[in-house]
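Here are the chains, one letter per residue:
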There are 2 protein chains.
Amino acid sequence: MRSVSKPYDQYCPIAHALDMVGERWSLLIVRELLHGPKRYTDLSANLPGIGTNILAARLKMLEGCGIVAKHRLPPPAASQVYELTPYGAALKPIMRELALWGLSSLGPPKADEEMFPGWLGNALDVVFAPVAPDGSFEFRIAGEVASVVGGEVHEGPAAEPDAVVEGDAAGLYHLFVDGEWQDVTVTGDRALLERLLDAAATASGGTPAFATR
Amino acid sequence: MRSVSKPYDQYCPIAHALDMVGERWSLLIVRELLHGPKRYTDLSANLPGIGTNILAARLKMLEGCGIVAKHRLPPPAASQVYELTPYGAALKPIMRELALWGLSSLGPPKADEEMFPGWLGNALDVVFAPVAPDGSFEFRIAGEVASVVGGEVHEGPAAEPDAVVEGDAAGLYHLFVDGEWQDVTVTGDRALLERLLDAAATASGGTPAFATR
DNA sequence: CCGCATCCCCAAAGATACTG
DNA sequence: CAGTATCTTTGGGGATGCGG
């Protein structure tokens, strides 16, 4: 196991976890890899401001801890990709809780907020996928299209969606956080979509994370 | 809301969460406050290596984010304490997941590992309290004594414990992680204790965190 | 182009001394 | 007790270089 340069030096599972993924950028790299392998350059592009040396160092660290693995794609794609190991993928529930907790004080997106490519699939994967009821949902938000089918998230449209949500990022925010439907266009099975939203808003404890502040 | 000096500048709930609690030491301070208010000096004592300026800066940051609050104790105790707000206490499920994830690669304690005071109550609070069945459990581990009664954790012994676990830190580790009972002394209702262990080992997803690597 | 390694500079973290 | 002030060290951000 590769060790961080400044470990906390406490025998504590939380301190140990933070020694592995507590450094700056580490969990955002994990976030990028949550729904599929990515190349070094794509990681760099989706993490504005990271600096190539830091990205390389973090990847080496995560690899040393058994959280990510580096694979060489079969020819003719002569590039290499990073992907989460099962141990790294076990961080998903943590990312989900962290996202719900952060969302409760994030506020709606401003018009000038920069959205990185793939954010919608990312959001669906973290927030909806683990609790999605049977059915297929398609989201068309701010130019991105992604769908949740049987608890699996895919980039792009669904084949025969039971419900389609269309709008911008602020509309999706108000739909999910505030339960306001007027800022998005919903077609199809509204009741099923409502079940999805309710399931997602109910964090593991049974209390909506948004009611805690 | 107080802002971190180097924000990630992404509209993403995870990035926003990390802007609040992602800096070094922040989550360990939250850990210290998880099961009750503490004074500045006690925080400093339980976080070896933190440096007083960093502790002061982090507390100010956490206070500005609405995660901790500073209270002055009523006379004659003329001191002040820090405690989690409801918003800060909502981090508990995250800390629990993080602890279970970290525990799966932590390994048993070495003989020379330093244990900070209150670690046992902390561990019980994070790992057992949210899932504890009815009943009262008393733990006497490595000089510390704490108990779980009706899902609540208290420092010190239980009044009429249904089960008592006695031993050292390594024994508790092997009991919980490996399911080996021979390194601790258990008296009372072993079946009830087993239910507690099973409930705790089963993380939110239904899979024991320890099987993922 | 992709995947880093190197270099420089500044800001944050560590250590210690000191003060209301 | 509860921090602030100061100094040193180190990690991070940004630009650039360089082999494959």
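Calculation notes
Residues numbered from 1 in each chain as written. Chains lettered and ligands numbered in written order. Predicted model: local features only at pLDDT ≥ 70, side-chain atom pairs only at ≥ 80, totals over all residues. Heavy atoms only, no water. Contact = heavy atoms within 4.5 Å. Buried area = accessible area lost by both parts, 1.4 Å probe. Salt bridge = Lys/Arg side-chain N within 4 Å of Asp/Glu carboxyl O. Polar contact = N/O pair within 3.5 Å; in protein donor to acceptor, adjacent residues only side chain to side chain. Helix = DSSP H or I, 4+ residues; strand = E, 2+ residues; numbered from the N terminus. Pairing = 2+ DSSP bridges. Axes fitted to C-alpha atoms, helices over the stretch in contact; angles between N-to-C directions. Phe/Tyr/Trp six-rings, centres within 6.5 Å; stacked < 30°, edge-to-face > 60°. Buried < 20%, exposed > 50% of the residue type's maximum accessible area, 1.4 Å probe, protein only. Lys NZ or Arg CZ within 6 Å of the ring centre and 35° of its normal. Patch = residues over 30% accessible without salt bridge, like charges linked within 9 Å, V, L, I, M, F, W, Y side chains within 5 Å. Areas by Shrake-Rupley, 256 points an atom, 1.4 Å probe, with all protein chains shown as cover. Lys, Arg positive; Asp, Glu negative; His and termini not counted. Charge placed at Lys NZ, Arg CZ, Asp CG, Glu CD. Core = buried A, V, L, I, M, F, W, Y, C linked by side-chain atoms within 4.5 Å. Near = heavy atom within 4 Å.

A. Up close: the interface of chain A and chain B. In this assembly, 55 residues from chain A lie in contact with 55 residues from chain B. Here chain A meets chain B over a buried area of about 4900 Å², counting both sides, of which 68% is carbon and sulfur. When the area that chain A buries against chain B is broken down by residue, the three leading residues are Tyr11, Tyr87 and Trp101 of chain A, summing to 20%. Where chain A touches chain B, the interface holds zero salt bridges. Counting every contact that joins chain A to chain B gives 16 residue pairs in polar contact (both at pLDDT 80 or more). Mapped onto the side of chain A that touches chain B, the elements with two or more residues apiece are helix H1 (13–21), helix H2 (26–33), helix H5 (86–89) and helix H6 (92–103) of chain A.

B. Local environment of the sheet that holds strand E8 (residues 185–188) of chain A. Residue and element names in this part refer to chain A. In spatial order, the strands read E6-E5-E4-E7-E8; together these five strands make up an open sheet with mixed pairing. Of all strands in the sheet, those with a lone pairing partner are strand E6 (152–155) and E8, marking the two edges. Here the average twist between neighbouring strands, direction ignored, is 15°. Packing against the sheet, helix H7 (residues 119–128) makes contact with strand E4 (136–141), strand E5 (144–149) and E6, and its axis sits at approximately 25° to E5.

C. Highlighting the packing of aromatic side chains. One pass over the structure, following the stated rule, counts eight aromatic pairs over all chains. Seen in terms of ring centroids, tryptophan 101 of chain A and tyrosine 87 of chain B are 4.7 Å apart; in terms of plane orientation they differ by 15°. Their pairing is stacked. Of the two residues, tryptophan 101 of chain A sits in helix H6 while tyrosine 87 of chain B sits in helix H5 (residues 86–89), which places them in two different chains. You can call tryptophan 101 of chain A buried: its relative accessible area is 3%. Considering the side-chain rings of phenylalanine 128 of chain A and phenylalanine 176 of chain A, the 5.5 Å spacing of their centres and the 85° angle between planes classify their relative orientation as edge-to-face. Taken together, the residues phenylalanine 128 of chain A in helix H7 and phenylalanine 176 of chain A in helix H8 (residues 169–178) connect sequence positions 48 residues apart. The residues phenylalanine 128 of chain A and phenylalanine 176 of chain A share a single accessibility class, namely buried. Grouped by ring-pair contacts, the aromatic residues Phe128, Phe139 and Phe176 of chain A constitute a single cluster. Seen from the ring of tyrosine 8 of chain B, arginine 24 of chain A lies directly overhead, with NZ or CZ sitting 4.4 Å from the centre.

D. Here's a closer look at a positive patch on the surface. Together, Arg2, Lys60, Lys70 and Arg72 of chain A give the surface a local cluster of positive charge. When you line up the elements, arginine 72 of chain A lands in strand E2 (residues 68–72).

E. Spotlight on a negative patch on the surface. All names here are of chain A. On the surface, a cluster of negative charge is made up of Asp168, Asp178, Glu180 and Asp183. Tracing the backbone through its elements, the reader meets glutamate 180 in the loop between H8 and E8. A residue is classified by how much of its surface remains accessible, and glutamate 180, at 32% relative accessible area, is partly exposed.

F. Quick peek at helix H8 (residues 169–178) of chain B. Residues and elements named next belong to chain B. Within H8, eight of the ten residues are buried, which leaves it mostly tucked inside the rest of the structure. Three or more residues of H8 are buried, namely Ala169, Gly171, Leu172, Tyr173, His174, Leu175, Phe176 and Val177. Those residues of H8 hidden inside the fold are in contact with helix H6 (92–103), helix H7 (119–128), strand E3 (136–141), strand E6 (163–167) and helix H9 (190–201). Residue glycine 179 follows H8 closely and has a positive phi angle near 70°.

G. Structural view of the nonpolar core. Among the nonpolar cores identified, the biggest contains 142 residues, and Ile67, Phe139, Phe176 and Leu193 of chain A together with Ile67, Phe139 and Phe176 of chain B are the most heavily contacted of them. Apart from the residues within four sequence positions on either side, phenylalanine 139 of chain B is in contact with Leu120, Leu124, Phe128, Glu144, Val145, Ala146, Val148, Val165, Leu172 and Leu196 of chain B.

H. Expanded view of the protein's contact with DNA strand C. Close contacts around DNA strand C come from 21 residues, with Thr52 and Tyr82 of chain A together with Ser5, Arg24 and Arg58 of chain B the closest. At the protein interface, 71% of the atoms of DNA strand C within 4 Å belong to sugar or phosphate. One nitrogen or oxygen atom from the side chain of threonine 41 of chain A is found 2.8 Å from a phosphate oxygen belonging to DNA strand C. A distance of 3.1 Å separates a phosphate oxygen of DNA strand C from a polar atom in the side chain of lysine 60 of chain A. The set of elements that each furnish at least two residues to the surface near DNA strand C consists of helix H3 (40–46), helix H4 (52–64) and strand E3 (80–84) of chain A together with helix H4 (52–64) of chain B.

I. Highlighting helix H1 (residues 13–21) of chain B. The buried fraction of H1 of chain B amounts to nine of the nine residues, a majority that puts the element mostly inside the structure. Of the residues making up H1 of chain B, those classed as buried are Pro13, Ile14, Ala15, His16, Ala17, Leu18, Asp19, Met20 and Val21 of chain B. Close packing links the buried residues of H1 of chain B with H2 and H6 of chain A together with helix H2 (26–33), H4 and H5 of chain B.

J. A look at the pattern of salt bridges. Within the structure shown, the criterion is met by nine salt bridges over all chains. Glutamate 32 of chain A serves as the salt-bridge partner of arginine 31 of chain A, at 2.9 Å between the closest nitrogen and oxygen. The exposure class assigned to arginine 31 of chain A is buried, which follows from its relative accessible area of 1%. Among the residues examined, glutamate 32 of chain A registers a relative accessible area of 1% and is labelled buried. The shortest N-O distance in the salt bridge between aspartate 125 of chain B and lysine 92 of chain B comes to 2.8 Å. Taken as a pair, aspartate 125 of chain B in helix H7 and lysine 92 of chain B in helix H6 lie far apart in primary sequence, 33 residues in all. Aspartate 125 of chain B gets classed as buried once you look at its relative accessible area, which sits at 7%. Residue classification places lysine 92 of chain B among the partly exposed positions, given a relative accessible area of 24%.

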